[in-house]
Amino acid sequence: MKVVVVGGGVIGLACAWFLREGGAEVVVLERDGAGMAASRGNAGWITPGLSNPLPSPGVTLQALRWMLRSDSPFLLRPRLDPDFAAWLWRFWRSSARPRYLFGMQAMLALNARTFELYDRLVADGVEFEMHKGGLLFLFLDEGAAEEEAAVLEDLRRYGYSGEVRRLTTNDLDETQPVFSPDGSRVAFWFPSEGKRGSANAIWEQQYVWPFRADYRISYVADDYSAVIVTRLKRDYVWIMARQRSIPEAELRRLADFVAAQGYDPNLLKRMPHGAGG
Ligand SMILES: Cc1cc2nc3c(=O)[nH]c(=O)nc-3n(C[C@H](O)[C@H](O)[C@H](O)COP(=O)(O)OP(=O)(O)OC[C@H]3O[C@@H](n4cnc5c(N)ncnc54)[C@H](O)[C@@H]3O)c2cc1C
């Protein structure tokens, strides 16, 4: 069988990979760079537990309200264009609760084998980093936490079987002291969810328009005690910590990480930070 896959994002490439495994002859057509679109700029969460579709009751109105906020988590850029109006109409219709639940069931079914398939890619020799450390949703607002609880209720009803623990402010103080103690907080902890890649976030900085500085958060310690910021050019690197000094063994481990990123660790300079720094 001969197959042409249009688009070399994570979806197209995964389809191509498994089609090849099944014996098909596959060609991937990509108009830009493979893996350079949405598949590059995402948060890397592998979360079968978040199988709730974006079109959901109330989200269209919310998106319209957010249109003027450039930092909106769901930003629509309105255009005087019939295609945009038609898309918005379809999106709004898909947000009705029966369609939303239908989409949720479909996504849960699609995502049920996610981790198993990632494990198969690893077994087949595809190299990537995978962390199965769980996922924490933190809410500063009880109302928003209750909305999430309702979504979780639907997910469970339609077959999500992963564990979800509701953490109170006290639980958080014990397990996640890094979060600010101000106000009441509620969190949902999904122990079985995961993340691909350690930390590939781009820390966007723009001192003078239109120039953007390239800083990458390449490493974040599990307890948030240290972070490593790198640059694509490999000309600067920063190891930053919450404490004034980093224990020697830990510093050596961080320096090894820096070396693995292509820097010369001998050029690292220790900056004094007051007593013991
Ligand atoms: C900010 C952000 C954060 C996200 N976080 C997460 C997350 O944490 N977890 C998660 O699971 N998902 C996340 N997502 C969603 C996830 O990134 C996408 O669902 C996923 O990358 C889609 O993959 P794709 O292959 O369908 O699309 P893309 O990666 O966009 O790839 C499509 C490819 O098709 C090519 N193409 C398009 N038209 C043509 C054509 N006519 N001919 C040739 N090539 C063409 C494009 O150039 C592109 O390379 C996030 C998305 C965003 C934007």
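Rules used in this analysis
- Residues numbered from 1 in each chain as written.
- Predicted model: local features only at pLDDT ≥ 70, side-chain atom pairs only at ≥ 80, totals over all residues.
- Pairing = 2+ DSSP bridges.
- Helix = DSSP H or I, 4+ residues; strand = E, 2+ residues; numbered from the N terminus.
- Axes fitted to C-alpha atoms, helices over the stretch in contact; angles between N-to-C directions.
- Near = placed C-beta within 6 Å.
- Nonpolar A, V, L, I, M, F, W, Y, C, P; charged D, E, K, R; others polar.
- Domains from an automatic or database assignment.
- Buried ≥ 20, exposed ≤ 12 C-beta atoms within 10 Å, placed from the backbone.

1. Regarding the sheet that holds strand β3 (residues 45-46)
Ordered in space as β3-β8-β4, the 3 strands form an open sheet in which the pairing is antiparallel. The open sheet has two free edges, formed respectively by β3 and β4 (130-131), since each of these has just one partner strand. As judged from the 2 bridges shared by β3 and strand β8 (residues 194-196), these two strands associate in the antiparallel manner. Across the sheet, the residue bridging to Trp 45 is Lys 195, located in β8.

2. A short note on the sheet that holds strand β5 (residues 135-139)
Strand order in the open sheet formed by 3 strands is β5-β7-β6, with antiparallel pairing between adjacent strands. At either margin of the open sheet sits one strand with a lone partner, and together these are β5 and β6 (165-167). Shown here is a sheet whose adjacent strand axes are inclined to one another by a mean of 20°, direction ignored.

3. Some thoughts on the site of the ligand
The environment of the ligand is made up of 20 residues, and the closest members are Gly 7, Gly 9, Ala 37, Ser 39 and Asn 42. If one sorts the elements of the shell around the ligand by residue count, helix α1 (residues 10-21) sits on top with 3 residues. Of the residues contributing to the shell around the ligand, the split by class is 9 nonpolar, 8 polar and 3 charged.

4. Looking at the domain arrangement of the protein
Under the domain assignment used here, the protein contains domain 1 (1-42), domain 2 (130-196) and domain 3 (213-267). Measuring from the centre of the C-alpha atoms in domain 1 to the corresponding centre in domain 3 gives 34 Å.

5. Examining the pairing of strand β14 (residues 237-241)
Inspection of the sheet shows strand β13 (residues 226-230) paired to β14 by 5 bridges, in the antiparallel sense. Looking at the pairing, Ala 226 lines up with Ala 241 of β14. Hairpin geometry of β13 and β14 is characterised by an intervening segment of 6 residues between the two adjacent antiparallel strands and by a positive phi of about 60° at Arg 234.

6. A look at unusual backbone geometry
The residue Tyr 224 is not glycine, and still its phi comes out positive at about 60°. Relative to the helices and strands, Tyr 224 is located in the loop between β12 (216-220) and β13. Judged by the 13 C-beta atoms lying within 10 Å of it, Tyr 224 is partly exposed. Unlike most non-glycine residues, Arg 234 shows phi in positive territory, near 60°. Tracing the backbone shows Arg 234 in the loop between β13 and β14.

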